[in-house]
There are 4 protein chains.
Amino acid sequence: MSPRKPRFSGVIPPVVTPLTPDGEIDAASLERLVEFLIEAGVSGLFALGSSGEAVFLTDARRDKALEVVVRAAAGRVPVLAGCIETTTGRVIERAEIARKLGADAVVVTAPFYARIHPVEVDRHFRAVRAAVDLPLLAYDVPVSVHTKLTADLVLSLAADGVVDGLKDSSGDDVGFRQVVLRAAGLAGFSALTGHEVVVDAMMLAGADGAVPGLANVDPHGYVRLLRACADGRWADAKAEQDRLTRLFRIVEAASPATAGGSTRGVGAFKTALALRGVIGHAAVAAPMRELTADEGRAVAAHLEEAGLL
Amino acid sequence: MSPRKPRFSGVIPPVVTPLTPDGEIDAASLERLVEFLIEAGVSGLFALGSSGEAVFLTDARRDKALEVVVRAAAGRVPVLAGCIETTTGRVIERAEIARKLGADAVVVTAPFYARIHPVEVDRHFRAVRAAVDLPLLAYDVPVSVHTKLTADLVLSLAADGVVDGLKDSSGDDVGFRQVVLRAAGLAGFSALTGHEVVVDAMMLAGADGAVPGLANVDPHGYVRLLRACADGRWADAKAEQDRLTRLFRIVEAASPATAGGSTRGVGAFKTALALRGVIGHAAVAAPMRELTADEGRAVAAHLEEAGLL
Amino acid sequence: MSPRKPRFSGVIPPVVTPLTPDGEIDAASLERLVEFLIEAGVSGLFALGSSGEAVFLTDARRDKALEVVVRAAAGRVPVLAGCIETTTGRVIERAEIARKLGADAVVVTAPFYARIHPVEVDRHFRAVRAAVDLPLLAYDVPVSVHTKLTADLVLSLAADGVVDGLKDSSGDDVGFRQVVLRAAGLAGFSALTGHEVVVDAMMLAGADGAVPGLANVDPHGYVRLLRACADGRWADAKAEQDRLTRLFRIVEAASPATAGGSTRGVGAFKTALALRGVIGHAAVAAPMRELTADEGRAVAAHLEEAGLL
Amino acid sequence: MSPRKPRFSGVIPPVVTPLTPDGEIDAASLERLVEFLIEAGVSGLFALGSSGEAVFLTDARRDKALEVVVRAAAGRVPVLAGCIETTTGRVIERAEIARKLGADAVVVTAPFYARIHPVEVDRHFRAVRAAVDLPLLAYDVPVSVHTKLTADLVLSLAADGVVDGLKDSSGDDVGFRQVVLRAAGLAGFSALTGHEVVVDAMMLAGADGAVPGLANVDPHGYVRLLRACADGRWADAKAEQDRLTRLFRIVEAASPATAGGSTRGVGAFKTALALRGVIGHAAVAAPMRELTADEGRAVAAHLEEAGLL
């Protein structure tokens, strides 16, 4: 294991936010989901991330969802709260609310919508750090914010105590490898991969943990996978990962002719969780759409193949 | 002029939001700016757009800014309110607030951050339309939302009464020309260009008006320009546009080595307005930075050349 | 007109390269096309551009096509030759061949495929200039080479005598306006727009001429359009442009479900030219495909509406 | 190891092409490099790839470089030849030449410069396959060609016998994992990663081999790394990879203020090889530039740290 004793490690699912058919937070389902994940052995919960539909929820619904997760977790595992907002002032406002609602850490992206220089991205994280009294993880998700957090930036922010870790959803494993390698001496720094199908590989590369959306659906699988990695049983890890990689094809169930990436991902996770009886509805927020019955059958087939139905 | 009698036409500046050095709305400056613009002869005001730093302001500050603009306009010209939010539910919430605060129309972009299919963009606008009882303009700004509104989509939404116009900040004059041409028969539809330096050209092409950020700085120039276009005095229009195009180089004052596009644009507009004595401070919201003294002198030189100091 | 007396002006069609069904240069058709264009009153011919399928042709076929155009033009109008190659050495080799084959100027893009710094783009044009004894036009086509030639770069190269003009296919009319305005004092510099549907607008903005692919199909229309611009008859220019803008919708005939942008553009131009009896075949080079019979009928309908059949 | 018995596996360096200071192929250096690589135990040689400056060389120089590699390899390991050209006809022409010059396989990208539909990318590979009587590897390099080869496309082409393998330089390890997993039953298919710093991880994921540019500089390291993977000594593999990952920072030696990605990569590899005494000159082709003396010292420092000087 890493000599740096990361603050956050293991499986930390980006918790989906169950909704009622009319778009309200389905608190009972969310409580069941949190229980399901914790019983499976996850190490933490990431609320209000991309998989949590954070950018689809009004502030009131965001607050409600975070309250439910914190209350249901009941201190058994830390709760990381996404503070996904366009720019500094808005992020700080959300982070302050997250702190009051009991979050154990905040997760922050580069600014988006605004046209921003790398120097301004650096200033953004430093300003959030100065304003918020909680551990801060940088969330690298260029597919959504259209800015890549470079290895140099992340490492500089980490060295200065600005960020306590990285959730990498960039798809750039090359950059992630550089961060992991060069962060080796940074006490407490947590390097987390967000990519469902390369967790074994990134753990071999030195990651501390994973934040895979698919862990909502099969937390037991990811917990087994990370245990195998921790034990150095790499062939077992690969076998488990291969099973999960096949399962991940549920995100191909929704037709690419009528569904965007958000729908295909979150919609499939929710459909699978409804099929597994964990949540009550597979509803997603507008302008996304719920999977059709046919698409739901494709999800079910993958769940069966993976031994989850 | 267009046979379609557009609801909105002429010069509609995207009003910048003056801030105090500690980041609060500078209401007195904003009132003076509104007065300055209306006295120059603008046809409307677009509050809370990209130039208005909408994505940099907390909701409370957005509300404050819109209140001030509506009160200062006092019904003399219509106030369009940007409702720039990531997805449908959040846009509707902002639009409802805008309506209550007295806006005369709302301006809405494609969803952002979320990974969205064209079908979902269409659904987004239709859902906003169904929920909001105000004229609705589509705001095409791919540099910020990373989705282009195609001519086909805009025209289909317009034909169905979903959108009442287009504010085009896409840089894609080819697509804009198709919209203008094919919207000729759509009663009330307003085609507005957002590009400061091709207003004469787009008016020749059939635009109904312009929403140029630079019109904060020199509203009289843009009013003269559109009057020349309306009169068919195209050589005069071109001469005025050439002067404004030279003036637009104030956005090159801030160093590209340390300032992003938002800083370079909004920062320069505010610096120019402060130099002209219209607003009290050139402060911009984090993570942007105010222009330096040297950069300010470059802005001043352009203002002098343009006869504005 | 521009005080700078541009070397190249007026309508300069990017000549398509007629092919036989088995992919060879159809010299007889190409000769007829050149005659058709010159008789319509064009001011020059741009061979081996994007519309000329340059990147689809082997070197031997490129040579053949250029030979035919030069011979058929017979000195009546200048022939500009595209030298579209990945990097400096390869461009210079092509430019030398173009010179030997009788071209009057060469047209060169930024490097592509290679990952290149702006400093290296500058060095590229200067090296080509040093090696090639012909007028040199910069071809700004980021959709193909994925590098934008900035106004500053083009103006700096022009000021140093490296480039003699710009063919702008960038879609960035804002940048083009800056070039046109700031190049006003550069003797001989030619600013040419490549965008079919904003020629009136760009001429108003100060362009010297146009290189519209659609001018293959309706050269008489573009010649009338530029004459109206030159005479200051802007309403006439706009009316002609509107007609051509409607005609340009032939590029929407090929289904976007099975045809890329190159096929949709060049395929439609060739189909229209075959329908008008100018060339013998509408064949395009692999991996493009010829338009289907149904798609051809859509092209024919647009031609009829435009009075060209 | 994979049950599919891949045709190509192990370390297959993308051989750099040494040049003389005046830009000619430095045949003596290239011969020494081939000998250096084969003696280190590589399994194959990839000539005329991106690292081989293929797009910077005239056809005559490409031919010369390939001749030298084939002759120096002398059948001891297979030689794969890049046929990097814009479109189908040009690729086929290059592939035919490669076959005549003795290449054992050809490596082909998606079309570039042209604006191409996925259906046309599929057609491209099938047409090349039909025309060329050699094993064919698909080269996925979106950073250069701006088209991503999807897992579905690669697997469909592989299932139909069109492609015999994949060289993945896409940075998309998620997609690569899907290809590796779903290609498990495809006899002879070779899945090769092109990313220097995740070779251990991708071998764990099921890759058959690697094509790392850095293997020019330290072939022994990569050979040890793949041997450790083959033996299931994953901790050893990771340790070797970590050393190589640190060494890979030689690509950061050239200043990003004056050098593009091609210069920074190839320039550094050549500088390192010159420092190690393998090749005579570190010259690169225009518009790239050779590393400065200072930058060379940074490369030397990394080589020393890695125990290579």
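Everything quoted here is computed from the prediction, not taken from an experiment.

*Asks:* Would you mind showing me how to read the arrangement of the chains here?
*Replies:* Separated throughout, chain A and chain C approach each other most closely at a C-alpha pair spaced 11 Å apart. Note that chain B does not reach chain D: the shortest distance linking a C-alpha of one to a C-alpha of the other is 11 Å.

*Asks:* Just to check I follow, could you spell out the side chain of C:Thr271 for this structure?
*Replies:* Residue and element names in this part refer to chain C. Along the chain, Thr-271 turns up in helix H11 (residues 261-275). On the basis of relative accessible area, Thr-271 is assigned to the buried category, the value being 8%. Excluding residues within four positions of it along the chain, Thr-271 makes contact with Ala-282, Leu-291, Gly-296 and Val-299.

*Asks:* Please explain the relation of the copies chain C and chain D as it appears in this structure.
*Replies:* A rotation about some axis, followed by a shift along it, carries one copy of the chain onto the other. When chain C is brought onto chain D, the operation consists of a screw motion whose angular component is 180° and whose axial shift is 0.0 Å, with 0.0 Å RMSD remaining. Expressed as a symmetry operation, the mapping of one chain copy onto the other fits a two-fold axis.

*Asks:* Looking at this structure, how should I read the interface of chain A and chain B?
*Replies:* Where the parts come together, the accessible area they lose is often given as the size of the interface. At the junction of the two partners, chain A supplies 45 residues and chain B supplies 45 residues. The junction of chain A with chain B conceals about 3600 Å² of combined surface from both sides, 55% of it contributed by carbon and sulfur atoms. The tally of links between chain A and chain B comes to four salt bridges. The salt bridge involving A:Arg90 is made with B:Glu85; its shortest N-O contact spans 2.9 Å. Taken together, the connections running from chain A to chain B amount to 30 residue pairs in polar contact (both at pLDDT 80 or more). Here the residues of the side of chain A that touches chain B are counted per class, giving 20 nonpolar, 16 polar and nine charged.

*Asks:* For this particular structure, what's the right way to read the pattern of salt bridges?
*Replies:* Side chains that differ in sign of charge can pair as their charged atoms come close. Taken as a whole, this structure holds 119 salt bridges over all chains when the rule is applied. Ionic pairing is found between A:Asp140 and A:Lys148, a salt bridge with its closest N-O pair at 2.5 Å. Classification of A:Asp140 as buried rests on a relative accessible area of 1%. Judged by its relative accessible area of 32%, A:Lys148 is partly exposed. Linking D:Asp59 and C:Arg90 is a salt bridge whose minimum nitrogen-to-oxygen distance equals 2.8 Å. Placement of the pair is D:Asp59 in helix H2 (residues 59-73) and C:Arg90 in helix H3 (residues 88-100), with the two residues belonging to separate chains. Salt bridges sharing partners connect three or more residues here, namely A:Asp59, A:Arg62, A:Asp63, A:Glu85, A:Arg90, A:Arg94, B:Asp59, B:Arg62, B:Asp63, B:Glu85, B:Arg90 and B:Arg94.

*Asks:* Sorry, what's going on with empty space enclosed by the protein here?
*Replies:* Gaps left between atoms are located by rolling a probe of water-molecule size over the structure's atoms. Applying the stated criterion across every chain, the model contains 18 cavities of 30 Å³ or more. Counted as a void, the largest cavity has a volume near 50 Å³. What lines the largest cavity is a set of 13 residues, among which C:Glu85, C:Thr86, D:Glu85, D:Thr86 and D:Phe112 lie closest to the centre.

*Asks:* How do you make sense of the relation of the copies chain A and chain B when you look at a structure like this?
*Replies:* The transform that puts chain A on chain B rotates by 180° and translates by 0.0 Å along the axis, for an RMSD of 0.0 Å. When you check the interface residues of chain A against chain B, 100% turn up at the interface there too, and the contact is symmetric in its surfaces.

*Asks:* I tried to follow helix H2 (residues 59-73) of chain C on my own but got confused; where do I start?
*Replies:* Along its 15 residues, H2(C) runs 21 Å from first to last C-alpha, staying within 8% of the 21 Å computed at 1.5 Å per residue. Of the surrounding elements, those touching the buried residues of H2(C) are helix H1 (27-40), strand E2 (45-47), strand E3 (79-82) and H3 of chain C together with H2 and helix H3 (88-100) of chain D. C:Ala74 lies just past H2(C) and shows a positive phi near 50°.

*Asks:* Sorry if this is basic, but what is going on with the sheet that holds E2(C) here?
*Replies:* Each strand in a sheet pairs with its neighbour through backbone hydrogen bonds, running either in the same direction (parallel) or in the opposite one (antiparallel). Residues and elements named next belong to chain C. Pairing within the open sheet is parallel, and its eight strands lie in the order E1-E8-E7-E6-E5-E4-E3-E2. For this open sheet the edge positions go to strand E1 (10-11) and E2, each flanked by a neighbour on one side alone. Here three bridges tie E2 to E3, and the two strands are oriented parallel to one another. The partner of Leu-45 across the bridge, within E3, is Val-79. Sitting on the sheet, helix H7 (residues 173-182) is in contact with strand E6 (165-168) and strand E7 (190-193), with an inclination near 160° to E7.

*Asks:* What exactly am I supposed to notice about the sheet that holds strand E3 (residues 79-82) of chain B here?
*Replies:* All names here are of chain B. Taken in spatial order, the eight strands line up as E1-E8-E7-E6-E5-E4-E3-E2 in an open sheet, and their pairing is parallel. Of all strands in the sheet, those with a lone pairing partner are strand E1 (10-11) and strand E2 (45-47), marking the two edges. Sheet strands touched by helix H2 (residues 59-73): E2 and E3. Its angle to E3, the strand with the most contacts, is close to 175°.

*Asks:* Where do I start with the pairing of strand E7 (residues 190-193) of chain D in this structure?
*Replies:* Look at any regular strand and the pattern is simple: side chains alternate between the two faces of the sheet. Residues and elements named next belong to chain D. Alternating residues of E7 divide into Ser-190 and Leu-192 and Ala-191 and Thr-193, and every residue in both groups is buried. Two elements, strand E6 (residues 165-168) and E7, share four bridges in a ladder whose sense is parallel. What sits directly across from Asp-168, in E7, is Thr-193. In this view, the connection linking E6 to its parallel neighbour E7 by way of helix H7 (residues 173-182) has right-handed handedness. Here E7 pairs with strand E8 (residues 209-210) via two bridges, running parallel. Within E8, the residue paired with Leu-192 across the bridge is Gly-209. Taken together, E7, helix H8 (residues 199-205) and E8 form a β-α-β motif whose crossover is right-handed.

*Asks:* Please clarify how the packing of helix H9 (residues 219-230) of chain D against helix H10 (residues 234-247) of chain D should be interpreted in this entry.
*Replies:* Geometry of a packed helix pair, given as the angle between the helix axes and the separation of the axes. All names here are of chain D. Two elements in contact, H9 and H10, have axes whose closest approach is 8 Å; the angle formed by their N-to-C orientations is 155°. Relative to H10, the element H9 is oriented roughly antiparallel. H9 and H10 meet at a crossing whose hand is left-handed. Within the contact between the two elements, H9 uses Gly-221, Tyr-222, Arg-224, Leu-225, Ala-228 and Cys-229 and H10 uses Trp-234, Asp-236, Ala-237, Glu-240, Gln-241, Arg-243 and Leu-244. For the contact of H9 with H10, the per-class residue count stands at seven nonpolar, two polar and four charged.

*Asks:* Explain helix H6 (residues 151-159) of chain B here, please?
*Replies:* Helical periodicity: at 3.6 residues per turn, an α-helix aligns residues three or four positions apart in one direction. Every buried residue belonging to H6(B) is among B:Ala151, B:Leu153, B:Val154, B:Leu155, B:Leu157 and B:Ala158, and all of these are buried. Phi turns positive, to about 75°, at B:Gly161, one or two residues after H6(B).

*Asks:* Would you take a moment to explain the interface of chain C and chain D for this structure?
*Replies:* Taken together, the contact between chain C and chain D spans 45 residues of the former and 45 residues of the latter. Per-residue buried area on chain C facing chain D is highest for C:Tyr113, C:Arg115 and C:Pro287; these three make up 24% of the total on that side. Taken together, the links from chain C to chain D amount to 30 residue pairs in polar contact (both at pLDDT 80 or more). Along the lines of polarity and charge, the residues of the side of chain C that touches chain D split into 20 nonpolar, 16 polar and nine charged.

*Asks:* I'm lost on unusual backbone geometry in this one. Help?
*Replies:* Generally, phi is negative for residues other than glycine and the peptide bonds are trans, each holding for most cases. Of the consecutive residues C:Ala286 and C:Pro287, the connecting peptide bond is found in the cis state with omega at 5°. Here C:Pro287 is to be found in the loop between H11 and helix H12 (293-305).

*Asks:* Can you help me understand the pairing of E6(D) in this one?
*Replies:* All names here are of chain D. Because side chains alternate across E6, one face comprises the buried residues Gly-165 and Lys-167, and the other comprises Leu-166 and Asp-168, equally buried. Sheet topology note: the strand E5 (residues 136-140)/E6 ladder contains four bridges and is parallel. Directly across from Tyr-139, in E6, lies its bridge partner Lys-167.

Quick notes on the rules
Residues numbered from 1 in each chain as written. Chains lettered and ligands numbered in written order. Predicted model: local features only at pLDDT ≥ 70, side-chain atom pairs only at ≥ 80, totals over all residues. Heavy atoms only, no water. Contact = heavy atoms within 4.5 Å. Helix = DSSP H or I, 4+ residues; strand = E, 2+ residues; numbered from the N terminus. Buried < 20%, exposed > 50% of the residue type's maximum accessible area, 1.4 Å probe, protein only. Least-squares fit on C-alpha atoms with pLDDT ≥ 70 in both. Buried area = accessible area lost by both parts, 1.4 Å probe. Salt bridge = Lys/Arg side-chain N within 4 Å of Asp/Glu carboxyl O. Polar contact = N/O pair within 3.5 Å; in protein donor to acceptor, adjacent residues only side chain to side chain. Nonpolar A, V, L, I, M, F, W, Y, C, P; charged D, E, K, R; others polar. 1 Å grid on protein atoms, 1.4 Å probe; cavity = no way out; pocket = protein on both sides within 12 Å on 5 of 7 lines; lining within 4 Å. Points joined across faces, edges and corners; volume = space filled by probe spheres on them. Expected span 1.5 Å × (residues − 1). Pairing = 2+ DSSP bridges. Axes fitted to C-alpha atoms, helices over the stretch in contact; angles between N-to-C directions. Right-handed = clockwise from strand over helix to strand, strands pointing away. Parallel < 35°, antiparallel > 145°, perpendicular 65-115°, else oblique. Left-handed = near helix turned anticlockwise from the far one by under 90°.

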